[in-house]
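Residues per chain, in single letters:
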Amino acid sequence: MINKVVKSAAESVTDIFDGATIMIGGFGEAGSPIELIHALIDHGAKNLTVVSNNTGSGHVGLAALIENKQVKKMTCSFPRTVNSTVFPELYHNGEIELELVPQGTLAERIRAGGAGIPAFFTPASVNTPLAEGKELRDFNGQTYVMEYGIRADYSLVKCKAADRYGNLIYNKTARNFGPIMCTAAEVSIVQTKSMVKLGELDPENIVTPGIFVKRVIEVNNPAEESKLVSEDRRYPW
Amino acid sequence: MINKVVKSAAESVTDIFDGATIMIGGFGEAGSPIELIHALIDHGAKNLTVVSNNTGSGHVGLAALIENKQVKKMTCSFPRTVNSTVFPELYHNGEIELELVPQGTLAERIRAGGAGIPAFFTPASVNTPLAEGKELRDFNGQTYVMEYGIRADYSLVKCKAADRYGNLIYNKTARNFGPIMCTAAEVSIVQTKSMVKLGELDPENIVTPGIFVKRVIEVNNPAEESKLVSEDRRYPW
Amino acid sequence: MQGWDRNQMAQKAALDIPDGAYVNLGIGIPEMVAGFVPEGREVIYHTENGLLGMGPTPANGKEDPELINAGKKHITAISGACFFHHADSFTMIRGRHIDICVLGAMQVSEEGDLANWSTGKPGTIPAVGGAMDLVSGVKTIYVITQHITKKGEPKIIKECTFPLTGRKIVERIYTNLAIIDVTKNGLFVKEFAPGVSYEYLQQNTDAKLHLYDD
Amino acid sequence: MQGWDRNQMAQKAALDIPDGAYVNLGIGIPEMVAGFVPEGREVIYHTENGLLGMGPTPANGKEDPELINAGKKHITAISGACFFHHADSFTMIRGRHIDICVLGAMQVSEEGDLANWSTGKPGTIPAVGGAMDLVSGVKTIYVITQHITKKGEPKIIKECTFPLTGRKIVERIYTNLAIIDVTKNGLFVKEFAPGVSYEYLQQNTDAKLHLYDD
């Protein structure tokens, strides 16, 4: 029988190893799997390469993971946001690496990784410093840069509802990187606001087919990052 | 005001020009936009390049378009099926060209065309005649072949429900190539079983966002290709 | 010498499909495999035209022309199934998300090359479908085929003479005469059909067959 | 010399957004454009984090932390909106499906080069977001910016000194002093803000400005 439900966030991340590459969903706080990230902080794996659009806010979630010195390198498109102080400080001190990728290229590299496409060409970043040292090539009179697919050992993703097959639906703009990150990791770990029975999700409306998901954890009342930040909370609590 | 609804299939295809590249949705009869194809037969544009997974059955729909000598070249993955006699005959007589593409490569080329990706690498067809003459390249010790994105002047697609913005949902396995073909054409023309009011489609469940659609035609009772074939019907009737 | 019949061949392959596997079945004998998976194993069938969770053939009169499989046959969808478009479907295939694909064959070489889409003869219309994507993306490729052609020619041979579908990708071959593993050290007979001798099998095979207890 | 205020700059750009356009608005003055599109025009706003059909800011207390725009601000969704993932969102952008993008600028060159993501100074943390994808994929790129920096330096210049976002991609520039078209023959002033003379405008611009009636 197929049952991807895991009892706790702690159990779901227990095999994450030092040096792993981890994709973390979310755009700002929307879709950020904060309980899974906190479980990863408790777990303590180090020297991680994290692929995520931002670098977190305040001292919770992704920012707390970085502050806890577990992240060796960030691959992202926008490493600074309002209330983002942790990453800048470590970056200025040379304590964390940054691979800056245009947001659409980041999304396409993740999608390519999940789809078995090792490399593709995009016009984004041509004639800019972000294309320096990369292979350029003309197609139909326009110049493109070659970018590589990215895969990860683990993805941490948040969704709205899931069934035991790992079929997922998302909530509004919290969908963002979740569906493509699930495709690109060896092990996708998903926290869901609610578990539903098999068959409850309309087969026409499932956004992430269960084949892309390995573990599902129900977190009924996930923390809101912006609230924690405004209360100046820190993780570990 | 945005209103993509066109009154008739005839009106929707009236600007299709000789020599156009046209993507036609459907896998077998599922999702085949038979009324739009018949309108294109009535319209009469010639020297078409058609991108579609198959070559049609019997003497209706895509097979009838080919039989009517409007198609110069087929780009497809599977040009013969049960009841497919029209294409084989013309092909044997040298009256139609064939570009044979593995099904997944065909899907990815269409998706790339729609996503502004001019070329990508895939493992499919390496070491086979279908990769002959194409650029090969190794990534991480495996050999891949470079394939190009495809764009079209028009796409003809069938869906289940649409609104005036051109937002679409599909029915079961009739979805197949429709969503990606809508992204890859200058002008996507869609026949829908039903028009619904704006807001009736759940924004979480829309499969093709309206931005990819130019014209929508309501065809409440589309013909079933397999029935027409079993009755040995021919188009033009 | 018949050995196993088509049902038995499908059944043999079915025994090798583990609980929880995501499986794509080709047209012909491969699609019969689903009927023989032992009870208690939950297996999810993928059909490349856009469905994960393919169920059995519908009852007469319950067919939906918009619910078909890659062979264009009427099917059903199980509880927990989902529909998607072709690019997403081949993301599953090319991205190595599908565990097992069972395919038919015209020829299989001793190195695991597969030819199953074209004889390459002039005048034939080539048709490839998703076969090349499947063999290059699915984790494990099984082949089910009659051991020899209707004309009596071996199908398991040193080198394929027909155009390839993929190179070095077949892991195991189920024929009416035997189950044969493709290994780095050559072809190894895993199981003989009742009444089939090593000598008989080798006579009908154009590549060296090894025994595991050698 | 102030010329137009921020609202007026946004309004000027809004007049150039036609009925039926698909539009992506950057952070800052660009996002104010939506408030000034003339009545009777139906415009669809795209936000790259996964929504087509962005509506106005929600009422106080009606914010949803999972319904935000690219600037991470709370928004609403209009009737007829749809949600999608990031790869699909940038299919819209890179695939040339979006008609107009309005962006802020640090510098614009006379050839239409744009620099708006980094000063390139050592020690600054670069952050690019979707800007490079937008300028290379959207059909028409408009820029809204103050004509000069707070320090009084020209932002419209012969060649950008900051790292580029994209080359030869800006079509029109809306500043507090003028509306300027970027053409193959150079920069042409389309409209002066009230009280702004050609001489004054040219003094504050580090690239030759042409007049259409020349």
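All of the points below concern the structure found in this document.

## So, the interface of chain D and chain B
Inference 1: Contacts between the two partners involve 21 residues from chain D, matched on the other side by 22 residues from chain B.
Inference 2: Arg164 of chain B serves as the salt-bridge partner of Glu42 of chain D, at 2.9 Å between the closest nitrogen and oxygen.
Inference 3: Here chain D is connected to chain B by 11 residue pairs in polar contact (both at pLDDT 80 or more).
Inference 4: In terms of residue count, the dominant contributor to the side of chain D that touches chain B is strand 4 (residues 76-83) of chain D (6 residues).

## Section: unusual backbone geometry
Inference 1: Residue Pro236 of chain A is reached from Tyr235 of chain A by a cis peptide bond, and omega for that bond is -5 degrees.
Inference 2: Tracing the chain through its elements places Pro236 of chain A in the segment after helix 7 (225-230).
Inference 3: In the Ramachandran plot, Lys72 of chain D falls in the positive-phi region, its phi being about 65 degrees despite a non-glycine side chain.
Inference 4: You can call Lys72 of chain D partly exposed: its relative accessible area is 25%.

## Here's the deal with the interface of chain D and chain A
Inference 1: Contact with chain D, which involves 36 residues of that partner, is made by 44 residues of chain A.
Inference 2: Here chain D and chain A share an interface that buries about 3,300 Å² over both sides, 64% of which is from carbon and sulfur atoms.
Inference 3: Looking at the side of chain D facing chain A, the largest losses of area belong to Glu66, His86 and Ile125 of chain D, adding up to 23% of the total buried there.
Inference 4: Counting across the chain D and chain A interface gives 3 salt bridges.
Inference 5: Across the pair Glu66 of chain D and Lys158 of chain A runs a salt bridge whose closest N-O atoms are separated by 3.0 Å.
Inference 6: Our count for the chain D to chain A interface comes out at 18 residue pairs in polar contact (both at pLDDT 80 or more).
Inference 7: Sorting the residues of the side of chain D that touches chain A by element identifies helix 3 (86-94) and helix 4 (131-137) of chain D as the ones contributing at least two each.
Inference 8: Take the side of chain D that touches chain A: its biggest share by element is 4 residues, from helix 3 of chain D.
Inference 9: Broken down by class, the residue content of the side of chain D that touches chain A amounts to 17 nonpolar, 12 polar and 7 charged.

About the thresholds
- Residues numbered from 1 in each chain as written.
- Chains lettered and ligands numbered in written order.
- Predicted model: local features only at pLDDT ≥ 70, side-chain atom pairs only at ≥ 80, totals over all residues.
- Heavy atoms only, no water.
- Contact = heavy atoms within 4.5 Å.
- Salt bridge = Lys/Arg side-chain N within 4 Å of Asp/Glu carboxyl O.
- Polar contact = N/O pair within 3.5 Å; in protein donor to acceptor, adjacent residues only side chain to side chain.
- Helix = DSSP H or I, 4+ residues; strand = E, 2+ residues; numbered from the N terminus.
- Buried < 20%, exposed > 50% of the residue type's maximum accessible area, 1.4 Å probe, protein only.
- Buried area = accessible area lost by both parts, 1.4 Å probe.
- Nonpolar A, V, L, I, M, F, W, Y, C, P; charged D, E, K, R; others polar.

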